[in-house]
Amino acid sequence: MSTLRMAAVAAEFGRDLEEDFAIAERLIKESRAEGVRLLALPEACLGGYLLSLDDATELDAGPPALALDGPEIRRLAALAGELTVVAGYCEAGTDGQRYNSVVCVNGDGVLGNHRKVHQPLSEDASYASGDRFHAFDTPVGRIGMMICYDKAFPESARALALDGAEIGVVVSAWPGSRTNAATDLVNDRWKRRFDLFDQARALENQIVWISANQAGTFGSLRFVGSAKVVDPGGEILADTGVEAGLAIAELDVAQALETARRSMGHLRDRRPETYTYAGAVSA
């Protein structure tokens, strides 16, 4: 039996890149001390998220745009060392566009990168959209990544699972409700949705699911935290609640997937020829 110790972060990050790196370094050191081998940091943890989702344009210059092959990502990889670390950032594309992206690194460099495909509210005024979902191999298993609103679309996680992802990693800057906000985030309806999506995506694809999120506040946004690790049966193994912290869990990933899929294999039992709409066949 080979187990994997993994962790999802709920923490507050902002525009100050040096401060963000200090927070990331602290969390990586804490995770290393806990024996964690796979660590997920939130969306936009390097440079912060948007100040508001209500305006057509950013209220400041926005997060710094970082090149995938630039010094900041190399710095993150050096901090990761033997850990596999997933972190969100604003990517400076070689096409001149800015993307809301997530990168997976270890001490050897970049292992994978994903550009957010689905953009809520006015986010498309600040970022271009990605155009694909794909899984990739890492020292801790085959991983598929997505960002925040991506997880509201079941096709996103299903595409990753069909590409062989054993572990889905979603990084978010998921706020509380914008209308009829709950005084206590524990009772917030957007927090409930955040949690439901995490459990549903894990269960329907029978994969391990790691969900990191921003915590605290930034601009007009109040984030729900709720970082968690979910098993292939949709059960939450570890959860930070609405506070900042580390959700740490240990699991034999291969055994967990085999057990979940032994009787009812959701990927195996699919009938794609029946998933039709307007004469088309869904993947």
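Residues numbered from 1 in each chain as written. Predicted model: local features only at pLDDT ≥ 70, side-chain atom pairs only at ≥ 80, totals over all residues. Heavy atoms only, no water.

**Here we look at the overall build of the protein chain**
- A count of helices and strands for the protein chain gives 5 helices and 17 strands.
- Whereas a compact globule of 283 residues would reach a radius of gyration of roughly 19 Å, the protein chain reaches 18 Å, a difference of no more than 12%.
- Considered along the principal axes of its C-alpha atoms, the protein chain spans approximately 50 × 50 × 45 Å.
- Taken over 283 residues, the protein chain has a buried fraction of 54%.
- In the protein chain, the proportion of contacts linking residues at least 24 apart, taken out of those at least 6 apart, comes to 66%.
- Taken as a whole, the protein chain presents about 11900 Å² of accessible surface, with 51% of it coming from carbon and sulfur.
- Averaging the coordinates of the 28 positive side-chain charges in the protein chain and doing the same for the 41 negative ones gives two points 4 Å apart. (Helix = DSSP H or I, 4+ residues; strand = E, 2+ residues; numbered from the N terminus. Rg over C-alpha atoms; globule rule 2.2 N^0.38 Å. Buried < 20%, exposed > 50% of the residue type's maximum accessible area, 1.4 Å probe, protein only. Contact = heavy atoms within 4.5 Å. Areas by Shrake-Rupley, 256 points an atom, 1.4 Å probe, with all protein chains shown as cover. Lys, Arg positive; Asp, Glu negative; His and termini not counted. Charge placed at Lys NZ, Arg CZ, Asp CG, Glu CD.)

**A closer look at the packing of aromatic side chains**
- All chains considered together, the criterion is met by 3 aromatic pairs.
- Note on W174 and F194: the rings are 5.3 Å apart at their centroids and 70° apart in plane angle, and the pair reads as edge-to-face. Taken together, the residues W174 in the loop between β9 (167-172) and α4 (189-205) and F194 in helix α4 connect sequence positions 20 residues apart. Just as W174 is buried, F194 falls in that class too.
- With a centroid separation of 6.0 Å and 65° between ring planes, the pair formed by W174 and F197 is classed as edge-to-face. With a gap of 23 residues between them, W174 in the loop between β9 and α4 and F197 in helix α4 connect regions that are remote in the sequence.
- Taking relative accessible area as the criterion, W174 reaches 8% and is therefore assigned buried.
- Given a relative accessible area of 23%, F197 falls into the partly exposed group.
- A network of ring pairs unites the aromatic residues W174, F194 and F197 as a single cluster.
- Above the ring of Y99, the side-chain terminus of R115 is found at 3.8 Å from the ring centroid. (Phe/Tyr/Trp six-rings, centres within 6.5 Å; stacked < 30°, edge-to-face > 60°. Lys NZ or Arg CZ within 6 Å of the ring centre and 35° of its normal.)

**Observations concerning the packing of helix α3 (residues 154-162) against α4**
- At a closest axis distance of 10 Å, the pairing of α3 and α4 adopts a crossing angle of 40°. Considering their axes alone, α3 and α4 lie oblique with respect to each other. When you trace α3 past α4, the crossing you get is right-handed. For the pair α3 and α4, the contacting residues are P154, A157, R158 and A161 in the first and R201, E204 and N205 in the second.
- Partitioning the contact of α3 with α4 into residue classes produces 3 nonpolar, 1 polar and 3 charged. (Axes fitted to C-alpha atoms, helices over the stretch in contact; angles between N-to-C directions. Parallel < 35°, antiparallel > 145°, perpendicular 65-115°, else oblique. Left-handed = near helix turned anticlockwise from the far one by under 90°. Nonpolar A, V, L, I, M, F, W, Y, C, P; charged D, E, K, R; others polar.)

**Points about the nonpolar core**
- Counting residues in hydrophobic clusters, the biggest one holds 37 residues, and the most contacted among them are M6, L38, V86, I143, I167, V169 and I210.
- Looking at this core, the element that brings in the most residues is strand β1 (residues 4-11), giving 4 residues.
- In this structure M6 touches V36, L38, V208, I210, V229, A247, I248, A249, L251 and V253, once residues within four positions along its chain are discounted.
- Judged by nonpolar contacts, the second largest core, of 27 residues, contains I23, V36, L39 and L83. (Core = buried A, V, L, I, M, F, W, Y, C linked by side-chain atoms within 4.5 Å.)

**Brief notes about helix α5 (residues 253-261)**
- By the burial criterion, the buried members of α5 are V253, A256 and L257. Seen end-on, α5 carries its buried residues on one side only, within an arc spanning 95°.
- For α5, the N-terminal cap is D252; the gap from its side-chain oxygen to the backbone nitrogen of A254 is 3.4 Å. (Arc of directions from axis to C-beta. Polar contact = N/O pair within 3.5 Å; in protein donor to acceptor, adjacent residues only side chain to side chain.)

**Focus on the side chain of E123**
- Position of E123 relative to the elements: it lies in the loop between β6 (109-115) and β7 (135-138).
- If we skip the residues at most four places from it in the chain, E123 touches E43, Y49, L50, L53, N100 and K116.

**Digging into unusual backbone geometry**
- With phi around 55°, A44 is a residue other than glycine that occupies positive phi space.
- Residue placement: A44 occurs in the loop between β2 (38-40) and β3 (65-66).

**Observations concerning the pattern of salt bridges**
- Summed over the entire model, instances satisfying the criterion amount to 20 salt bridges.
- Put simply, D137 and R142 hold a salt bridge, and the shortest N to O gap is 3.1 Å.
- Bridged by salt links that share partners, the residues K151, K191, D195, D198 and K228 form one connected network. (Salt bridge = Lys/Arg side-chain N within 4 Å of Asp/Glu carboxyl O.)

**A short note on the side chain of S177**
- Inspection of the secondary structure puts S177 in the loop between β9 and α4.
- Looking at S177, its side chain comes within polar contact range of the side chain of R189, at 3.2 Å.
- Other than its neighbours up to four places away in sequence, S177 contacts D188, R189 and W190.

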